[in-house]
Structures are given as C-alpha cells and as structure tokens.
Amino acid sequence: QVQLVESGGGLVQAGGSLRLSCAASRNILRIDAMGWYRQAPGKERELVATIARDSNTNYADSVKGRFTISRDNAKDTVYLQMNSLKPEDTAVYYCRTVLATGVYFWGTGTPVTVSS
C-alpha cells in the first residue's frame, strides 16, 4: 500500500552531477533505514548507499567520496547527490525503505545514463 516515487535521473556527461530523490506516497510510520540501489543491464542489483534514522551512513566503495545520501525524516524522503559521475555509474537506480519491523518497500526506479 506504500508507493515510493523516485525522480531526478537522466542523461549526463562524465564528470557531471545529478540529484535523485525518493518520496513516499503517504506518511510512513516506524521507518528505520532508507537506501539506494542500482542495477545495470546484465548485472545484479547492488547496494549504493544506506542511511539510518540517526543519519549513520554507509557507501559502496565504488561511490565513496563522490555520492552523498541524506534524508528528511519529517518528509519520509531520501536523496542521493551524485557528483563526478562515471560511465560505470549508468544503471537504473532504486530506493528502498525499511520499517523497524523488517518490512521493506521498493521504488520503481529512475534511469541514470552517463556518457563518456
């Protein structure tokens, strides 16, 4: 019954920046962690970054120092600021919200394409 809507994807040149956002369709109670994952054609979905309610974060080694995850608890929204984009960042990006009970919800994805 919860829908997560991503936005901000698009086509950029290498070295450019994009800011992704993911907002819940309604207020969600007992949110624990939120995060971003990505999946490129022919590859498995992989973790990009996660953020806990207390703002503790972790990042995949491939994006550390270039991407920044943040959240607005009052708005049930998570963001991903992507700088210094590389062609290997090309993928469909998905957000995920996890409740304290362990129940989780996925967004439908927003595509990011980085040209060389």
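Let me sum up the structure you'll find in this document. Quick caveat, the model's predicted, so the values are computed rather than measured. Numbering of residues begins from 1 in every chain and follows the order in which that chain's sequence is written. Per-residue local features of the predicted model are confined to residues with pLDDT of at least 70, and side-chain atom pairs are confined, for both listing and counting, to 80 or more; whole-chain, interface and lining totals are unaffected and use all residues. Only hydrogens and water are removed before side-chain values are computed, so all heavy atoms of the structure are retained for them.

## Notes on the environment of Thr90
Strands are runs of DSSP state E lasting at least two residues, helices are runs of H or I lasting at least four, and both sets are numbered from the N terminus onward. The topology assignment puts Thr90 in the loop between strand S8 (77–82) and strand S9 (91–99). Measuring from C-alpha to C-alpha, the distance between Thr90 and Leu20 comes to 14 Å, with 70 residues separating the pair along the chain.

## Some thoughts on the sheet that holds S8
Across a sheet, paired strands are connected by hydrogen bonds in the backbone, their directions being either parallel or antiparallel. A strand pair is defined by DSSP finding two or more bridges across the two strands. One open sheet accounts for four strands, arranged S1-S3-S8-S7; its pairing is antiparallel. On the outer flanks of this sheet lie strand S1 (4–7) and strand S7 (67–72), each paired with one strand and no other. The mean inter-strand angle of the sheet, taken between neighbouring strand axes irrespective of direction, is 15°. As paired elements, S1 and strand S3 (residues 18–24) share four bridges and run antiparallel to each other. For helices, the fitted axis covers only the stretch in contact; all axes are lines through C-alpha atoms, and the angles between them, taken along N-to-C directions, range from 0 to 180 degrees.

## Observations regarding the nonpolar core
In this description, a nonpolar core means a group of buried Ala, Val, Leu, Ile, Met, Phe, Trp, Tyr and Cys residues linked to one another through side-chain atoms lying within 4.5 Å. Each residue gets one of three labels from its accessible area relative to the maximum for its type: buried under 20%, exposed over 50%, partly exposed in between, using a 1.4 Å probe on protein chains only. In this structure, Trp36, Leu80, Met82 and Tyr93 are the most contacted members of the largest nonpolar core, which totals 30 residues. Secondary-structure elements contributing two or more residues to this core are S3, strand S4 (31–39), strand S5 (46–51), S7, S8, S9 and strand S11 (110–115).

## A short note on the pairing of S7
Residues Phe67, Ile69 and Arg71 point to one face of S7 and are all buried, whereas Thr68, Ser70 and Asp72, pointing to the other face, are not buried. For S7 and S8, the ladder comprises six bridges, and the chain directions are antiparallel. Pairing of Arg71 across the sheet is with Val78, part of S8. The turn linking S7 back onto S8 is made up of four residues, and Asp76 within it adopts a positive phi angle of 50°.

## Points about unusual backbone geometry
We note that Asp76 has phi near 50°; this positive angle belongs to a residue other than glycine. In this fold, Asp76 is placed in the loop between S7 and S8. The phi dihedral of Ser84 is positive, around 50°, even though this residue is not glycine. Residue placement: Ser84 occurs in the loop between S8 and S9. Taking relative accessible area as the criterion, Ser84 reaches 41% and is therefore assigned partly exposed.

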